Amino acid sequence: MSSSGDIRIPSRLPLLLTHEGVLLPGSTMRVSVDTARNMQLVRSRLLKGTSLKSTIIGVVPNSRDPEHETEELPALHSIGTAGLAVQVVGSNWPKPHYTLLITGLCRFRVEQLLRERPFPVAVVQQLDKLEQYAGLDSGDADVSSELGELSQRFYEVALQLVGMLDISVPVVAKLRRLLDSLPREALPDVLTSMIHVSNKEKLEILDAVSLAERFKKVLPLLTRQMEGLKLLQRTRKPRLDDDRRIIPIRKGGGLAPGQLSMEDDGEEEDSDDTSLLERRVRGSNMPEAALRVCLKELKRLKKMPQSMPEYALTRNYLELMVELPWSKSTTDCLDIRAARVLLDSDHYAMEKLKRRVLEYLAVRQLRNSLKGPILCFVGPPGVGKTSVGRSIARTLGREFHRIALGGVCDQSDIRGHRRTYVGSMPGRIINGLKAVGVNNPVFLLDEVDKLTKSLQGDPAAALLEVLDPEQNHSFTDHYLNVPFDLSQVLFIATANTTATIPPALLDRMEVLQVPGYTQEEKVEIAHRHLIPHQLEQHGLTPQQVQIPQDTTLDIISRYTREAGVRTLERKIGAICRAVAVKVAEGHKATKTPSSSSSSEVTTAQEGGNKGEEPIGGSVDLSLPPEMPIVIDCQALKDILGPPVFEMEVSERLTLPGVAIGLAWTPLGGEIMFVEASRMEGDGQLTLTGQLGDIMKESAHLAISWLRTNAKAYQLTNMAGGPDPLEGTDVHLHFPAGAVTKDGPSAGVTIVTCLASLFSGRLVRSDVAMTGEITLRGLVLPVREALVPLSRHPPLLWQVGFTCTLTSKPVLLCQVGGIKDKVLAAHRAGLRCVILPKRNEKDLEEIPAHVRADLQFVATSCLAEVLDAAFDGGFRGPAPSLAPPPVLSKL
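Here the structure is a predicted model, which is why all the values come from computation and not from measurement.

A.B. asks: So, the overall build of the protein: which residues are in play, and what are the values?
C.D. replies: Of the regular secondary structure elements, the protein holds 27 helices and 30 strands. In the protein, which comprises 890 residues, the proportion classed as buried is 48%. When contacts within the protein are restricted to residue pairs at least 6 apart in sequence, long-range pairs at least 24 apart make up 73% of them. Roughly 43800 Å² of accessible area belongs to the protein as shown, and the carbon and sulfur atoms make up 52% of that amount.

So, in structure tokens, the structure goes:
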């Protein structure tokens, strides 16, 4: 740094008024500029100036708040600092302002103010140069000797202050070098800007024009700073006071008679805390690799002061390592009979899932070291996948923990964050183990098919290690950075569809399909579980309200249409709320022949006992009512409103060109109408209803097959010609146009619909069908298809499998959905189902009472399909194959 005597500043300087601090020569300060005068100075001199001279400005302290700036210029401080603006940064938030980085050069005195607008400009006189030569080089031996002693004393005190600091810190090392390189007369200003002093004290140092006065004013400030450092060191490293003594302890363990222990309480508490943590680490039975890491971190912890931020991070890490269940586990309940009873009491139906749990228990009895299976329950919403996982944990006597994965897009949620990041934490797997406190819980990974991908990684890829039995014995969380054994954890994943699960992840799981419930199963579930639960939730008892099975069946068939029972439970809850209002009001309706059609609720009657309206308008709610409120069909309509779903099958099939197909969705099976009409034209085929490419191809296949066999089946166009499309346009529509549809198994339905249109015959109103077709007229099974999949599919009506047309990747999806489709036909009241012959084996999964209500026709070619779909068979040559078998009961 140049000596102040070498500095030459202009005689006229623009003045920058500051209120945030005081700039001293030799120091650097950031100044925020937001007042009108100061911003005009920056724009005119600093941003437009090109010479070094234009960047030298005068910095004058200002005591007035800039928020109360007026047109009048405040009184200027007589002493200021000439500064060099080395950096200018502008910003518009929260309001327009500039930030200047200014280095102080020397002091000046304001001699005359030349102007106030647009920014103040004054005539100034440089002070440091004049004082320096007057003080050190004046020739006065006494003054020079006194100044030399002051500067030497000041230098020694500054060396002591720097010696109390950590020289390994770069800033401290740089300050130590500055003490040797700077001129002595510059040290007071530089050190004052670096130690903790108030703006008022800095202003006093700025006004000290005399160098000797400056040394005298800064010396007490350095002494005060040294005392503060000494006090801080005593706080961080407690030591005994002068009047305290360390008393020797006798060999017996007690203190010498008449003597007291004077050890510092804080030091003893810290030592005991660290020792306790060390004992917990050694007693946690963690593996050798994890123990070595913990002991290393513990050794670092003992050397850290508690004020360091890393101290808390290291301690949190060690406490987590201690709390993890490295070797703590629960004992499985292997009583198969008790497990069977518990599963049957918790869930009705679901025989496949129950059988798999009992198989696991049986194998565990034969081999104790069995690894936990990786199960994946796939089925529509509301069928009990999550509650089955909780029941499995209760059956095994294990802890249960649920991890919701829907919408998770960061792999750190699975693997955790590295400890180098601020706010790092372990992943959900390790957090779940810490929460349950054992290493063999039941983990439910809910909605695994709804994982998403983002810039933070793919959580589905992070799950590959977790759900791989050959790898999860050494799962490494990024936060722990040591392996943890997950092989004893029973992982159960749930999903609505396998279409959005990556193939590598799906390959690691044992998929168990959980189909929707039949109407009879829903009735049983409602009376065993849903109704008692809702009565308890609404404060009612079976003596106050009764819902007969016929009413429950009406709710299922006319007010709900779902594979699960969630909507059914909500409808039952609505009934309970309506009854709760009646009970709370103290009213009971009596069903009589004259009022049965308008009653909301019916009161059960026994013999000649008649219900009466309560007298006085109040009842004792602590006592049960005399007779329960029975919900009948009329009460159901009054409470829930008109039926939402009406059976419209027979009305829809009153004209030729309509057939019923069967569709599969992630919410269960559905029936789907296919409609066709023709008009004069030039032989074009129009397809509507948001159809995918595969379904469009099925429609073209159906048209080609019918045109090829038009003569054999006597199919004609509108003019009676042999070609059905000659001079005729055909429009094929799939209702529910807002829902995307795709899949090959609608082929037989399209052929039947078009055959009905071209022949003018009606399709049987009690028949539904499914199956893929070929150009030669064969019927292929509903099994496998190459479908384009999306990671975020909308809710679709998908025929035979799950599919969307919003992405390019292709995946082989093996979902037939025969059971769901048959259940949909049964719910719709149909009596006959036409399906491919090679899907006969799928009928074994259908409940016996459903098979008894339906007639199944297994077909291998389209001729058999048409014969079964029309009353009396379809016109044409006798089929060369044997008649289609009728599978009425299996």
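What follows continues from the structure just given.
A.B. asks: For the packing of aromatic side chains, give the residues involved together with the corresponding values.
C.D. replies: In this structure the tally under the stated criterion is 7 aromatic pairs. Seen in terms of ring centroids, Trp705 and Tyr713 are 5.8 Å apart; in terms of plane orientation they differ by 45 degrees. Their pairing is tilted. With respect to burial, Trp705 and Tyr713 carry one shared label: buried. An aromatic cluster is built from Trp705, Tyr713, Phe870 and Phe874, whose rings are joined through pairwise contacts. One residue, Arg115, lies across the ring of Phe119, its end atom 4.8 Å from the ring centre. Positioned above the aromatic ring of Tyr155 is the side chain of Arg184, whose terminal nitrogen or guanidinium carbon lies 4.3 Å from the ring centre.

A.B. asks: Can you tell me about the pairing of strand S4 (residues 79–91), naming the residues and giving the values?
C.D. replies: Pairing of strand S3 (residues 56–61) with S4, which is carried by 4 bridges, proceeds in the antiparallel orientation. Across the sheet, Ile57 pairs through a bridge with Gly83, a residue of S4. Across 12 bridges, S4 lies against strand S5 (residues 97–115) in antiparallel orientation. Bridge pairing in S5 links Val89 to Thr99. Counted along the chain from S4 to the antiparallel partner S5, the turn is 5 residues long.

A.B. asks: With reference to specific residues and values, describe a nonpolar patch on the surface.
C.D. replies: A grouping of Val169, Val171 and Met194 is seen on the molecular surface, where their side chains present a nonpolar patch of about 250 Å² in accessible area. As for its placement among the helices and strands, Met194 is situated in helix H5 (residues 187–194).

A.B. asks: Tell me what's going on with helix H20 (residues 566–585), and back it up with residues and numbers.
C.D. replies: Counted at 1.5 Å a residue, the expected span for H20 with its 20 residues is 28 Å, and the 29 Å between its end C-alpha atoms agrees. Every buried residue belonging to H20 is among Leu568, Ile572, Gly573, Ala574, Ile575, Cys576, Val579 and Val583, and all of these are buried. Summarising the contacts, the buried residues of H20 are in contact with helix H18 (519–537), strand S14 (545–546), helix H19 (549–559), strand S16 (629–630) and helix H21 (633–640).

A.B. asks: Tell me about the confidence of the model for the protein, and please be specific about residues and values.
C.D. replies: Note: predicted coordinates in regions of low pLDDT should not be interpreted at a detailed level. Mean pLDDT over the protein stands at 81; residues scoring 70 or higher make up 82%. Across residues 130–139, where pLDDT falls below 50, the model places 17 contacts with residues more than four positions away in sequence or in other chains. Per-residue pLDDT stays below 50 along residues 588–625; that stretch engages in 54 contacts with residues further than four places along the chain or on separate chains.

A.B. asks: I'd like to hear about the packing of H19 against H20, residue by residue, with values.
C.D. replies: Look at H19 against H20: their axes get within 10 Å of each other, and the N-to-C directions meet at 125 degrees. Comparing the axis directions of H19 and H20 gives the class oblique. Crossing handedness for the pair H19 and H20: right-handed. Between H19 and H20, the contacting residues are Ile555, Ile556 and Tyr559 on the first element and Thr567, Leu568, Lys571 and Ile575 on the second. Each residue belonging to the contact of H19 with H20 can be placed in one class, and the counts come to 5 nonpolar, 1 polar and 1 charged.

A.B. asks: Residues and numbers for the pattern of salt bridges, please.
C.D. replies: Applying the stated criterion across every chain yields a total of 30 salt bridges. The partner of Lys95 in a salt bridge is Asp34, and the shortest N-O contact between them spans 3.8 Å. Of this pair, Lys95 sits in the loop between S4 and S5 while Asp34 sits in the loop between strand S2 (28–33) and helix H1 (36–46), placing them 61 residues apart in sequence. Between Glu297 and Arg300 there is a salt bridge; the shortest N-O distance is 2.9 Å. Placement of the pair is Glu297 and Arg300 together in helix H9 (residues 288–303), with a separation of 3 residues, close to one helical turn.

A.B. asks: For the environment of Val438, give the residues involved together with the corresponding values.
C.D. replies: By secondary structure assignment, the location of Val438 is in the loop between helix H15 (428–436) and strand S9 (442–446). Classification of Val438 by relative accessible area gives buried; the value is 4%. Spatially, the C-alpha atoms of Val438 and Ser327 are 7.8 Å apart, while their sequence positions differ by 111 residues. Ignoring sequence-local partners within four residues, the contact set of Val438 consists of Pro325, Lys328, Ser329, Thr330, Glu399 and Leu433.

A.B. asks: So, the side chain of Asp458: which residues are in play, and what are the values?
C.D. replies: Within the secondary structure, Asp458 is located in the loop between S9 and helix H16 (459–466). Of the side chains bearing the opposite charge, Lys453 lies closest to the buried Asp458, which forms no salt bridge; the N-O distance is 4.1 Å. In terms of polar contacts, Asp458 uses its side chain to reach the backbone amide nitrogen of Ala460, at 3.1 Å.

A.B. asks: So, unusual backbone geometry: which residues are in play, and what are the values?
C.D. replies: The residue after Arg117, namely Pro118, is reached through a cis peptide bond having omega -5 degrees. Inspection of the secondary structure puts Pro118 in the loop between S5 and strand S6 (121–126). With a phi close to 55 degrees, Glu447 is a non-glycine residue in the positive phi region. Topologically, Glu447 is positioned in the loop between S9 and H16.

A.B. asks: An account of the pairing of strand S7 (residues 374–378) is requested, with residue identities and associated values reported.
C.D. replies: S7 sits mainly inside the fold: 5 of its 5 residues count as buried. Where burial is concerned, the two faces of S7 agree: the one with Ile374, Cys376 and Val378 and the one with Leu375 and Phe377 are both buried. Relative to strand S12 (residues 490–495), S7 runs parallel, the two sharing 5 bridges. Opposite Val378, over in S12, you have Ala495 as the bridge partner. Strand direction decides the pairing type here: S7 and strand S13 (residues 510–513), joined by 4 bridges, are parallel. Residue pairing across strands places Cys376 opposite Val511, the latter belonging to S13.

A.B. asks: Let's hear about the environment of Leu47: which residues, and what values?
C.D. replies: Relative to the helices and strands, Leu47 is located in the loop between H1 and S3. For Leu47, a relative accessible area of 46% corresponds to the partly exposed category. Dropping the residues within four chain positions of it, Leu47 is found in contact with Val42, Val88 and Tyr98.

A.B. asks: Please give an account of the nonpolar core that cites residues and values.
C.D. replies: If you look at the biggest cluster of nonpolar residues, it comprises 67 residues, and the most contacted ones within it are Leu732 and Leu754. Sequence-distant contacts of Leu754, defined by excluding residues within four places in its chain, comprise Ala676, Ala702, Ile703, Leu706, Val730 and Leu732. Among the nonpolar cores identified, the runner-up in size contains 49 residues, and Cys294, Tyr317, Leu318 and Cys376 belong to it.

Conventions used here
- Residues numbered from 1 in each chain as written.
- Predicted model: local features only at pLDDT ≥ 70, side-chain atom pairs only at ≥ 80, totals over all residues.
- Heavy atoms only, no water.
- Helix = DSSP H or I, 4+ residues; strand = E, 2+ residues; numbered from the N terminus.
- Buried < 20%, exposed > 50% of the residue type's maximum accessible area, 1.4 Å probe, protein only.
- Contact = heavy atoms within 4.5 Å.
- Areas by Shrake-Rupley, 256 points an atom, 1.4 Å probe, with all protein chains shown as cover.
- Phe/Tyr/Trp six-rings, centres within 6.5 Å; stacked < 30°, edge-to-face > 60°.
- Lys NZ or Arg CZ within 6 Å of the ring centre and 35° of its normal.
- Pairing = 2+ DSSP bridges.
- Patch = residues over 30% accessible without salt bridge, like charges linked within 9 Å, V, L, I, M, F, W, Y side chains within 5 Å.
- Salt bridge = Lys/Arg side-chain N within 4 Å of Asp/Glu carboxyl O.
- Expected span 1.5 Å × (residues − 1).
- pLDDT = per-residue confidence, 0-100.
- Axes fitted to C-alpha atoms, helices over the stretch in contact; angles between N-to-C directions.
- Parallel < 35°, antiparallel > 145°, perpendicular 65-115°, else oblique.
- Left-handed = near helix turned anticlockwise from the far one by under 90°.
- Nonpolar A, V, L, I, M, F, W, Y, C, P; charged D, E, K, R; others polar.
- Lys, Arg positive; Asp, Glu negative; His and termini not counted.
- Polar contact = N/O pair within 3.5 Å; in protein donor to acceptor, adjacent residues only side chain to side chain.
- Core = buried A, V, L, I, M, F, W, Y, C linked by side-chain atoms within 4.5 Å.

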